[in-house]
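Residue-level structural notes
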Amino acid sequence: MTPFLAEFVGTALIVLLGNGVVANVLLSKTHGNGSGLIVITVGWAMAVFVGVFVAASSSGAHLNPAVTLALAVAGKFAWGTVPGYILSQMLGGMMGAFLVWLVYRNHFAETADGNLKLAAFCTAPAIRNTFGNLVSEVVGTFVLVYCVLNIASPKMGLGALDALPVALLVMSIGVSLGGTTGYAINPARDLGPRLMHALLPIPGKRNSDWGYALVPVVGSICGGVLAALVYGLQMAH
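Each chain carries its own residue numbering, running from 1 in the written order of its sequence. Side-chain atom pairs in this predicted model are given and counted only at pLDDT of 80 or more, local residue features only at pLDDT of at least 70, and totals for whole chains, interfaces and linings cover all residues. In computing side-chain values, all of the structure's heavy atoms are included and hydrogens and water are not.

In this section: the packing of helix α3 (residues 65-73) against helix α9 (residues 214-236). Interaxial distance between α3 and α9 falls to 8 Å at its minimum, and their mutual angle equals 30°. Looking at the two axes, α3 sits roughly parallel to α9. Here the hand of the crossing between α3 and α9 comes out right-handed. Of the residues in α9, those touching α3 at Ala66, Leu69, Ala70 and Val73 are Ser220, Ile221, Gly224, Val225, Ala228 and Leu229. Under the convention adopted here, Pro, Cys and the residues Ala, Val, Leu, Ile, Met, Phe, Trp and Tyr are nonpolar, Asp, Glu, Lys and Arg are charged, and Gly plus all remaining residues are polar. When its residues are assigned to classes, the contact of α3 with α9 shows eight nonpolar, two polar and no charged. For every element, the axis is a line fit to its C-alpha atoms; helices are fit only across the contacting stretch, and the angle between N-to-C directions ranges from 0 to 180 degrees. Numbering of helices and strands runs from the N terminus; a helix is a DSSP stretch of H or I covering at least four residues, while a strand is a stretch of E covering at least two. Angle categories are assigned with fixed cut-offs, so that under 35 degrees is roughly parallel, over 145 is roughly antiparallel, 65 to 115 is roughly perpendicular, and the rest are oblique. Note: crossing handedness is left-handed where the near helix turns anticlockwise from the far helix by less than a right angle, and right-handed where it turns clockwise. Pairs of residues are marked as contacts when any of their non-hydrogen atoms sit within 4.5 Å.

As C-alpha cells, then:
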C-alpha cells in the first residue's frame, strides 16, 4: 500500500472495530448490549492493534492527526506530508463510521435514545465542563504520544513499532483516563465519525453536538504537540 492508502485503511479499521464495539454494547437488541465499559475498552485496544498492524510497514501507522503533527514537531516526519496523512486519516475515520452504521443500521433504528446513537459515532463528556474536558483530552493524548515516541525506534520511527504495545497503551488510557470524556485522543476518530452521524439517515437521531466537537480536536492536538516538545527536551539532555 502507499502511505496515504495505509493511513486511510488503518484508520478505517480502527473506527470500524472501535465504534463497532460501542455500537454492540450500547444499541438495542444486540448480542453485546449492556456488556459494559471494560468490553468497550478492550475492543478499542484491539481495534488499534489491528489498525497499527495493517498500516505500520507502509505508513508508520500514525492513524491519528495528533500523532502526525507531534512527529512533525519532533522532527521525525516531513511537514510537507502532514496534510496528506491527515486527510487520509479523516477520510478513513468517516469510512469506518459509515461501515459501523451499515452493519448496525437495524439496531440504530431499534434504539430510542439519541445519545446512545451518537455515542456509537463520537465521544461526549460525562460531566460537561469545557476546561475540564479539554484537560482530560490533553492529558490522555499526551500520555499516548509521549509513550509512543519513547517506544518507537529512533531510526525507524513508528514503522518499527510492534502493534501490541500500542494496543496495551490505549487500553491503559481507556480504563484509567477514559471516564471523563470517552478518551477521543484522536481527531480523526471523533470528528470524522461525527460528520457521518450528521450526514447519515439515522432514524430518531439527535443533533451531532457540534458545541462539543472542538474539544476532542483541540485537546488531542495540544496534548500531542506538548508531548513532542517534552520528548524533544528529554532527547536534548
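Structure's up, so let's keep going.
Here the largest pocket defines a volume of roughly 490 Å³. Lining of the largest pocket is provided by 24 residues; of these, Ala119, Thr123, Ala124, Thr181 and Gly182 occupy positions nearest its centre. For the lining of the largest pocket, the elements supplying multiple residues, two or more each, are α1 (3-26), α2 (37-59) and α5 (114-119). Ranked by the residues each element gives to the lining of the largest pocket, the list is headed by α5, at four residues. When grouped by side-chain class, the residues that make up the lining of the largest pocket number 13 nonpolar, seven polar and four charged. Space inside and on the surface of the protein is sampled on a 1 Å grid over the protein atoms alone, with a cavity defined as a set of points where a 1.4 Å probe fits but cannot get out and a pocket as an open set with protein on both sides within 12 Å along at least 5 of 7 lines; lining residues have an atom within 4 Å of a point. Grid points are joined across faces, edges and corners, and a volume is the space filled by probe spheres set on the points.

This part takes up the packing of aromatic side chains. Put simply, two rings from Phe, Tyr or Trp (the six-membered ring, in Trp's case) pair if the centres are within 6.5 Å, and we call them stacked under 30 degrees between planes, edge-to-face over 60, tilted for the rest. On inspection of all chains with the given rule, the structure shows six aromatic pairs. Relative to Tyr85, the ring of Phe4 lies with its centre 5.8 Å away and its plane at 80°, an arrangement referred to as edge-to-face. With Phe4 in helix α1 and Tyr85 in helix α4 (residues 82-110), the pair connects residues that are 81 residues apart, well separated along the chain. The interplanar angle of 5° and the centroid separation of 5.6 Å between the aromatic rings of Phe142 and Tyr146 together place this pair among those described as stacked. Linking Phe142 with Tyr146, this pair stays in helix α6 (residues 130-151), spanning four residues, or about one helical turn. Exposed residues in this analysis have more than 50% of their type's maximum accessible area, buried residues have under 20%, and partly exposed residues fall in between, with area computed by a 1.4 Å probe over protein chains only. We classify Tyr146 as partly exposed; its relative accessible area is 25%. Through successive ring pairs, a cluster of aromatic residues spans Phe4, Phe77 and Tyr85.

Note on patches: the residues involved have over 30% relative accessible area and no salt bridge, like charges join within 9 Å, and the nonpolar side chains Val, Leu, Ile, Met, Phe, Trp and Tyr join within 5 Å. We get accessible surface area from the Shrake-Rupley algorithm with a probe of 1.4 Å; when it comes to residues, only the shown protein chains can shield them. Definition used for salt bridges: Asp or Glu carboxyl oxygen within 4 Å of a side-chain nitrogen of Lys or Arg. Among the surface-exposed residues, Met1, Leu5, Phe53 and Val54 lie close enough to one another that they form a single nonpolar patch of about 390 Å² accessible area. Turning to its location among the elements, Phe53 is positioned in helix α2. Residue classification places Phe53 among the exposed residues on the basis of a relative accessible area of 60%.

This part is about empty space enclosed by the protein. Tallied over the entire structure, the rule returns two cavities of 30 Å³ or more. By volume, the largest cavity amounts to about 290 Å³. Where the lining of the largest cavity is concerned, the elements lending two or more residues are α2, α6 and α7 (163-177). Of the residues forming the lining of the largest cavity, the biggest block, three residues, is contributed by α2. Its residues assigned to classes, the lining of the largest cavity comprises 16 nonpolar, four polar and one charged.

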